[in-house]
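Close look at the chain arrangement
The chain contents come next:
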Amino acid sequence: MDDSQRTAQYLAQAVALATENVRNSGGPFGAIVVMADGRVFEGVNRVTANLDPTAHAEVTAIRAACQGTGDFDLSGATLFSSCEPCPMCLASSLWARIGTVYFAADRHDATAAGFDDALFYQYFENPERSSLMPVSQLAPDTGTVQDPFDAWRAKSDKTEY
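Presented here is an overview of the structure given in this document. (Residues numbered from 1 in each chain as written. Predicted model: local features only at pLDDT ≥ 70, side-chain atom pairs only at ≥ 80, totals over all residues. Heavy atoms only, no water.)

A few points about unusual backbone geometry
Quick reminder of the rule: Note on exposure labels: buried denotes an accessible area under 20% of the residue type's maximum, exposed denotes more than 50%, and partly exposed covers the range between, all computed with a 1.4 Å probe on protein chains only. Strands are runs of DSSP state E lasting at least two residues, helices are runs of H or I lasting at least four, and both sets are numbered from the N terminus onward.
Although it is not a glycine, Ser25 adopts a positive phi angle of roughly 70°. Note on Ser25: relative accessible area 54%, which makes it exposed. Of note, the phi angle at Arg97 is positive, near 65°, even though the residue is not glycine. The residue Arg97 is located in the loop between helix H4 (87-95) and strand E4 (100-105) in this model.

Side note on the layout of surface pockets
Convention followed: Computed over the protein atoms alone on a 1 Å grid, cavities are sets of points where a 1.4 Å probe fits but cannot get out and pockets are open sets with protein on both sides within 12 Å along at least five of seven lines; a residue lines them when it has an atom within 4 Å of a point. Grid points are joined across faces, edges and corners, and a volume is the space filled by probe spheres set on the points. Here the nonpolar group is Ala, Val, Leu, Ile, Met, Phe, Trp, Tyr, Cys and Pro; Asp, Glu, Lys and Arg are the charged ones; every other residue, Gly included, is treated as polar.
Roughly 550 Å³ of internal volume is contained in the largest pocket. Contributing to the lining of the largest pocket are 29 residues, with His56, Cys86, Met88, Asp117 and Phe120 lying nearest its centre. Grouping the amino acids of the lining of the largest pocket by side-chain chemistry returns 19 nonpolar, five polar and five charged. Roughly 200 Å³ of internal volume is contained in the second largest pocket. Only helix H3 (57-69) and H4 provide two or more residues apiece to the lining of the second largest pocket. Sorting elements by how many residues they give to the lining of the second largest pocket places H3 first, with four residues. When its residues are assigned to classes, the lining of the second largest pocket shows seven nonpolar, one polar and three charged.

In structure tokens:
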């Protein structure tokens, strides 16, 4: 089986996970992380089932892969998703050091089904984003903003990431 056939197979598996998840009170999203050594970890959307807005399929697959490998660094892994990852899921993939991401449906397909992440994509593209959610840097009234970083730099037994 060549790489394009394997990719299509993993995408079909992610779509099947998403479809089955709908039957199990979850959202219509599924994802698979495939490690460089071939290990496979699955995730499905459990946002409403778990009352967790971060429980997107891609994030749950990344969490499963990290727990399964015993490492937060998934370098060399590939993420296969039933739908285009939202900005949070893309950021999670970057933090996990996922090497490549493939998806089946796109954000417009999700919008047509009632999932409109367009506002979130626009947030990062729009310099006037403060109208959606203001984000401001402020100084604390005690200590300094450098205190946590100074403590981190001084820690001899830290795990770099």
